[in-house]
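Examining the three-dimensional arrangement
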Amino acid sequence: PGLRGDSNTTVKSMSADGFVIVGSSTVAGGSHAIRYVANSNPGVVGITSDLGTLGGTYSVANFVSSDGNYIVGTSSDAQGNQHGFRWTENSGQMLSIEQWLENAGVKVEYETANAVSISDDGNIVVGQTKDETTYVARVGGGNSGIIEEAKFFPTVAAANSITVQNSVSGANTIMFGAQGNPM
């Protein structure tokens, strides 16, 4: 399910129901992230969409949320620098992780190189920075921000060692911060 005229298509991830597949398709001038949405009618071909780039010639979709509405990946900008990106079905727009965070009022201190996973609600993204450290970025829930792995895991360990009134799951820790230490 690649783009018209492509020479190669790579599949990277699929939604939980199997109706949305993401990856990349090689077209004239570069490789572009794609999103294929299957048709629920047997025998009817689905639709493949080019998600574009951040201004460069390269992008690849690495992961899709379970409902198929949110996609993350890697894209080059006009200067050839690679960044993590987040795309939503609602906006149909690809934004770098830095742009997404800045739009939410977050001061971004890291430069992302990619994005490799996204939560089902599209609010949490995981990837790598330019210096190859893992980051967790979050927008929403009253606490938006980005944190590196080395700073994140100690807050999780601290949360797990404290008895709290309500149970703290890994998802709650990411969503709401570790016991008063949000991102």
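The paragraphs below set out a description of the structure included in this document. (Residues numbered from 1 in each chain as written. Predicted model: local features only at pLDDT ≥ 70, side-chain atom pairs only at ≥ 80, totals over all residues. Heavy atoms only, no water.)

1. Here we look at the overall build of the chain
Each helix and strand counted, the chain has three helices and 12 strands in total. Contacts in the chain between residues at least 24 apart in sequence constitute 40% of all its contacts with a sequence separation of at least 6. Accessible surface for the chain amounts to roughly 9300 Å². Of this, 48% is attributable to carbon and sulfur atoms. (Helix = DSSP H or I, 4+ residues; strand = E, 2+ residues; numbered from the N terminus. Contact = heavy atoms within 4.5 Å. Areas by Shrake-Rupley, 256 points an atom, 1.4 Å probe, with all protein chains shown as cover.)

2. Quick word on the pairing of strand β3 (residues 30-37)
The element β3 is extensively covered by neighbouring structure, given that six of its eight residues are classed as buried. The pairing of strand β2 (residues 20-27) with β3 spans eight bridges and is classified as antiparallel. Its bridge partner lying in β3, Ser 25 is registered against His 32. Between β2 and β3, which follow one another and run antiparallel, lie two residues, and Gly 29 among them has a positive phi close to 95 degrees. Where β3 meets strand β4 (residues 47-52), five bridges bridge the pair, whose relative direction is antiparallel. Across the sheet, Ile 34 pairs through a bridge with Asp 50, a residue of β4. (Buried < 20%, exposed > 50% of the residue type's maximum accessible area, 1.4 Å probe, protein only. Pairing = 2+ DSSP bridges.)

3. Considering the nonpolar core
Across soluble globular proteins, nonpolar side chains show a tendency to be buried alongside one another. By size, the foremost hydrophobic cluster in this structure holds 14 residues, and its most contacted members are Ile 97, Trp 100, Leu 101, Val 125, Tyr 135 and Ala 137. Secondary-structure elements contributing two or more residues to this core are β6 (70-77), α1 (97-103), β9 (112-118) and β11 (134-138). At three residues, α1 tops the list of elements feeding residues into this core. Every residue in contact with Trp 100, bar those within four places of it in the chain, is listed here: Arg 86, Leu 95, Gly 122, Asn 123, Val 125, Ala 137, Arg 138 and Val 139. (Core = buried A, V, L, I, M, F, W, Y, C linked by side-chain atoms within 4.5 Å.)

4. Digging into the side chain of His 32
Of note, His 32 is situated in strand β3. Of note is the side chain of His 32, whose polar atom sits 2.9 Å from the side chain of Asp 50. Setting aside its immediate chain neighbours within four residues, His 32 contacts Gly 23, Ser 24, Ser 25, Val 27, Asp 50, Gly 52, Thr 53, Thr 57 and Ser 59. (Polar contact = N/O pair within 3.5 Å; in protein donor to acceptor, adjacent residues only side chain to side chain.)

5. Focus: the sheet that holds strand β12 (residues 145-148)
Read across the open sheet, the four strands follow the order β9-β10-β11-β12; overall the sheet is antiparallel. Two strands lie at the open edges of the sheet, namely β9 and β12, each paired on one side alone. Between one strand axis and the next, the sheet turns by 30 degrees as a mean value, whatever way the strands run. Direction of pairing for β9 relative to strand β10 (residues 124-129): antiparallel, over a ladder of five bridges. From the neighbouring strand, Ser 117 faces β10, where its bridge partner is Val 126. (Axes fitted to C-alpha atoms, helices over the stretch in contact; angles between N-to-C directions.)

6. A word on the pattern of salt bridges
A pair can form between side chains of opposite charge whenever their charged atoms are brought close. Scanning the entire structure with this criterion turns up one salt bridge. In this structure, the salt-bridge partner of Arg 35 is Glu 89, at a minimum N-O distance of 3.4 Å. Taken together, the residues span a long stretch of sequence, with Arg 35 in strand β3 and Glu 89 in the loop between β7 (82-88) and β8 (94-96) at a distance of 54 residues. A relative accessible area of 9% places Arg 35 in the buried class. Classification of Glu 89 as partly exposed rests on a relative accessible area of 40%. (Salt bridge = Lys/Arg side-chain N within 4 Å of Asp/Glu carboxyl O.)

7. Overview of unusual backbone geometry
The backbone phi angle of Glu 132 is positive, close to 65 degrees, even though this residue is not glycine. Here Glu 132 shows up in the loop between β10 and β11. Given the relative accessible area of 63%, Glu 132 is considered exposed.

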